[in-house]
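One letter stands for each residue in the lines below.
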Amino acid sequence: MNNGRKRKGRIDRTHLIYQLTVGKQKYIGITFLRKGNVTKTMRGRILQHWYNATVRGHGWKLSEVLRTLDSVDDVGYEVLAKVKGKVKAHDVERELIAKIKPKLNTDIRPKKA
């Protein structure tokens, strides 16, 4: 019974798990790939972190360290993984955080069983 309407296709976005480097400290995060362009996606995500730190005044460890920088250009990044699907991407992110133990992550999500 579809009443003549076409069913919307399934969308599994591609996510990037990335590592930001600020000085010698590291942060691991996740974002979805926008229009297939890794460079623009990462530039936009770094600018979001910068805005949260400098304008919104977030108290996270990453934000505190970003406020000590002169420029957003002082933030380095590396894409650690490209993963299709949100659930799988978050699982991979958690695994990488557990393995690398970055100092700037403040993960408050409950641990998966």
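The following refers to the structure shown. Treat the numbers as computed from the prediction; the structure is a model and nothing was measured.

Here's the deal with unusual backbone geometry
Backbone geometry places lysine 35, a non-glycine residue, at a positive phi of 50 degrees. Locating lysine 35 in the fold gives a position in the loop between strand 2 (25-32) and helix 1 (38-54). Residue classification places lysine 35 among the exposed positions, given a relative accessible area of 87%. Backbone geometry places lysine 101, a non-glycine residue, at a positive phi of 55 degrees. Along the chain, lysine 101 turns up in the segment after helix 3 (86-100).

Re helix 3
With 15 residues, helix 3 extends 21 Å between its outermost C-alpha atoms, agreeing within 8% with the 21 Å of an ideal straight helix rising 1.5 Å per residue. Within helix 3, burial applies to Ala89, Val92, Glu93, Arg94, Leu96 and Ile97. Phi turns positive, to about 55 degrees, at lysine 101, one or two residues after helix 3.

Notes on the side chain of arginine 45
With respect to the helices and strands, the residue arginine 45 is situated in helix 1. Buried and unpaired, arginine 45 has no salt bridge, with glutamate 93 as the nearest side chain of opposite charge at 8.3 Å. A distance of 3.3 Å separates the side chain of arginine 45 from the side chain of tyrosine 18, its partner in a polar contact. The contact partners of arginine 45, leaving out residues within four places of it in the chain, are Tyr18, Ile30 and Thr31.

Describing the environment of glutamine 25
Checked against the element boundaries, glutamine 25 lands in strand 2. Judged by relative accessible area, which is 32%, glutamine 25 ranks as partly exposed. The sequence separation of glutamine 25 and proline 102 amounts to 77 residues, and the corresponding C-alpha distance is 7.2 Å.

Some remarks on the sheet that holds strand 2
Taken together, the three strands give an open sheet; going across it, the order is 2-1-3, and neighbouring strands pair in antiparallel fashion. Of all the strands in the sheet, the pair left with one neighbour each is strand 2 and strand 3 (76-84). Strand after strand, the sheet turns through a mean of 20 degrees between neighbouring axes, direction not considered. Note that strand 1 (residues 14-22) and strand 2 share eight bridges and pair antiparallel. Counterpart to glutamine 19 in the pairing with strand 2 is isoleucine 28. The strands touched by helix 1 are strand 1, strand 2 and strand 3; relative to strand 1, the strand with the most contacts, the crossing angle is about 55 degrees. Each of strand 1, strand 2 and strand 3 is contacted by helix 3, which is oriented at about 175 degrees to strand 2, the strand it contacts most.

The rules behind these values
- Residues numbered from 1 in each chain as written.
- Predicted model: local features only at pLDDT ≥ 70, side-chain atom pairs only at ≥ 80, totals over all residues.
- Heavy atoms only, no water.
- Helix = DSSP H or I, 4+ residues; strand = E, 2+ residues; numbered from the N terminus.
- Buried < 20%, exposed > 50% of the residue type's maximum accessible area, 1.4 Å probe, protein only.
- Expected span 1.5 Å × (residues − 1).
- Lys, Arg positive; Asp, Glu negative; His and termini not counted.
- Salt bridge = Lys/Arg side-chain N within 4 Å of Asp/Glu carboxyl O.
- Polar contact = N/O pair within 3.5 Å; in protein donor to acceptor, adjacent residues only side chain to side chain.
- Contact = heavy atoms within 4.5 Å.
- Pairing = 2+ DSSP bridges.
- Axes fitted to C-alpha atoms, helices over the stretch in contact; angles between N-to-C directions.

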